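Chain by chain, the residues run as shown.
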Amino acid sequence: IMPSLVGSEMCIRDSYCLTLACVGVYSGGYVSDVSAADYADIGQAPAGSYALDTSHGYITFSYSHQGYSRPWLRFKNIQASLQLDSQELARSELTVSIDAASIGSGVDIFDEHLRGKNFFQVDQFPDIAFVATEIVTDPKSPADFLITGDLTIKGITKTVTLKALFNKGGLHFKTKQPVVGFSATGLIKRSDWGLGYAVPMVGDEVNLVIEVEFHKE
C-alpha cells in the first residue's frame, strides 16, 4: 500500500461509502447519526482495547478489468484488534487477520478461481495478516492519519501504508459502550504478493477501501 494515493481514489471511496450508508444500521430500527455523547476528535476516545465489530467491518477492493470496468470484491471474514492510545496515537497497536477463503466477488465460479493456484492458494495460505508498525498524523492533513504496517499474503510480507480518517466516536446505542469508527484507503500492486496472474491485461494496481467500527472491550 503506497503512501500517496491517486486522486480518483477518494471518488471511489465516496461512492462506495454511499452504498455502505444504505445498510449502516440494520438492527433495532433507525438511529440518528449524531448524539450528545458523540465526538469527532480521536483524542476524546477512551484509551484501551477495542475489537472489530464484524457486522460493521468491510475490507473491499477494486481493479481494472481490461479497462472495461472496475469490479468490487470484499473479504467476508475478518478479525481485528485495536489497542488505542488516544493521547499518543503513535503508541497505539493494530492487528488484522483475514480469512483468505472468504473472498467474495458475487460470482461463485470466479471466487473458486481466486481461491486456487493462480491467486490466493488458500489451502496452503489460509490467512492474510496486517500488523501496524507506525500510526502517525498525516502532516498534509491533520484530520487524517497514516497507518504503516506489514501486510502478509501467501507468505510474502511487504510494508504498506494506509491513509485513514477518524469518522467519529461515541456510545453504542444499545450497549452504551464506547465505539470508534474509521475509513481508510490505499493502493497496492497485487503482483508484489505473487498475485500477478493476467497482468497487464488485468490491472496490477488494486484500490483498497476499508470501513470499520471498533467496540471497547
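Residues take numbers from 1 onward in each chain, read along the sequence in its written order. Only residues with pLDDT of at least 70 are given local features in this predicted model, and only at 80 or more are side-chain atom pairs given and counted; all residues enter the totals for whole chains, interfaces and linings. Neither water nor hydrogens contribute to the side-chain values; these are computed over all heavy atoms in the structure.

1. Some remarks on the overall build of the protein chain
- Check the secondary structure of the protein chain and you find two helices and 10 strands.
- Secondary structure follows DSSP: runs of H or I at least 4 residues long count as helices, runs of E at least 2 residues long count as strands, and numbering of each begins at the N terminus. Ordered by position from the N terminus, the helices and strands of the protein chain form the series α-β-β-β-β-β-α-β-β-β-β-β.
- The buried label applies to any residue whose accessible area, calculated with a 1.4 Å probe on protein chains only, is under 20% of its type's maximum; exposed applies above 50%, and partly exposed to all values in between. Classification of the 217 residues of the protein chain by burial places 42% in the buried group.
- Note on contacts: a residue pair qualifies if any of its non-hydrogen atoms lie within 4.5 Å across the two residues. Partitioning the intrachain contacts of the protein chain with sequence separation of at least 6 by distance along the chain shows that 60% fall at a separation of at least 24.
- Throughout, the Shrake-Rupley method with a 1.4 Å probe supplies accessible areas, and for residues the shown protein chains are the sole cover considered. Carbon together with sulfur atoms contributes 56% to the accessible area of the protein chain, which is approximately 11500 Å² in total.

2. Notes on the side chain of Thr148
- Assignment of secondary structure puts Thr148 in strand β7 (residues 141–153).
- In this structure Thr148 comes out as buried when scored by relative accessible area, which is 14%.
- In contact with Thr148, other than residues within four places in its own chain, are Phe130, Ala132, Thr133, Glu134, Thr159, Val160 and Thr161.

3. With respect to the pattern of salt bridges
- Should a side-chain nitrogen of Lys or Arg be within 4 Å of a carboxyl oxygen of Asp or Glu, the pair is scored as a salt bridge. This model, assessed by the stated rule, comprises six salt bridges.
- Asp38 is the partner of Lys168 in a salt bridge, and the nearest nitrogen-oxygen pair spans 2.8 Å. Highlighted residues: Lys168 in strand β8 (residues 156–171) and Asp38 in the loop between α1 (8–21) and β1 (48–62), separated in sequence by 130 residues.
- Classification of Lys168 by relative accessible area gives partly exposed; the value is 32%.

4. Overview of the pairing of strand β6 (residues 127–138)
- In this structure, strand β4 (residues 93–99) lies alongside β6, joined through five bridges in antiparallel fashion. Bridge pairing in β6 links Ser97 to Ala129.
- Between any two strands, at least two bridges found by DSSP are needed for them to pair. Here β6 runs beside β7; their pairing, made up of nine bridges, is antiparallel. The partner of Phe130 across the bridge, within β7, is Leu151.
- What sits between the antiparallel neighbours β6 and β7 is a turn of two residues.

5. As for the packing of aromatic side chains
- Stacked, tilted and edge-to-face are the three classes applied to pairs of Phe, Tyr and Trp rings, where Trp contributes its six-membered ring and a pair requires centres within 6.5 Å; stacked means planes under 30 degrees apart, edge-to-face means over 60, and tilted covers the rest. Going through the model one piece at a time under the given rule, you end up with six aromatic pairs.
- Between Phe75 and Phe120 the ring centres are 5.9 Å apart and the planes differ by 90 degrees, which places this aromatic pair in the edge-to-face class. Of this pair, Phe75 sits in strand β2 (residues 72–75) while Phe120 sits in the loop between α2 (108–115) and β6; the two residues are 45 residues apart in sequence, bridging distant segments of the chain.
- Classification of Phe75 by relative accessible area gives buried; the value is 6%.
- An angle of 75 degrees between the planes, with centres 6.3 Å apart, marks the rings of Phe182 and Phe214 as edge-to-face. Taken together, the residues Phe182 in strand β9 (residues 178–189) and Phe214 in strand β10 (residues 205–216) connect sequence positions 32 residues apart.
- Residue class for Phe182 comes out buried when judged on its relative accessible area of 10%.
- Under the relative-accessibility criterion, Phe214 is labelled buried at 4%.
- Taken together, the ring pairs connect Phe145, Phe166, Phe182 and Phe214 into an aromatic cluster.

6. Details of the side chain of Lys154
- Looking at where Lys154 falls in the secondary structure, it is placed in the loop between β7 and β8.
- His residues and chain termini do not enter the charge count, which takes Lys and Arg as positive and Asp and Glu as negative. This buried residue, Lys154, is left without a salt bridge; Asp204 holds the nearest opposite charge, at 12 Å.
- Any N or O atom pair separated by 3.5 Å or less is treated as a polar contact, with the protein-specific requirement of one donor-capable and one acceptor-capable atom, and with residues adjacent in sequence counted only for side-chain atom pairs. For Lys154, the side chain forms a polar contact with the main-chain oxygen of Phe119, separated by 2.8 Å.
- At 2.9 Å, the side chain of Lys154 and the backbone oxygen of Gly194 are in polar contact.
- Aside from chain neighbours lying at most four places away, what touches Lys154 is Phe119, Phe120, Gln121, Phe125, Trp193, Gly194 and Leu195.

7. Considering the nonpolar core
- What makes a nonpolar core is a set of buried Ala, Val, Leu, Ile, Met, Phe, Trp, Tyr and Cys residues whose side-chain atoms join them at distances within 4.5 Å. Counting residues in each nonpolar core, the largest one holds 48 residues, and the members touching the most others are Phe75, Phe120, Ile147, Val180, Phe182 and Phe214.
- The element best represented in this core is β10, accounting for five residues.
- When neighbours within four sequence positions are excluded, Phe120 is seen to be in contact with Phe75, Ile103, Leu114, Arg115, Phe125, Ile128, Ile153, Lys154 and Leu195.

8. Focus on unusual backbone geometry
- Residue Pro200 follows Val199 across a cis peptide bond; omega there is 10 degrees.
- With respect to the element layout, Pro200 can be found in the loop between β9 and β10.
- The phi angle at Lys176 is positive, at roughly 65 degrees, despite the residue not being glycine.
- Note on placement: Lys176 falls in the loop between β8 and β9.
- The class of Lys176 is exposed, set by a relative accessible area of 52%.

Functional significance is not addressed by these values, which are geometric in nature.
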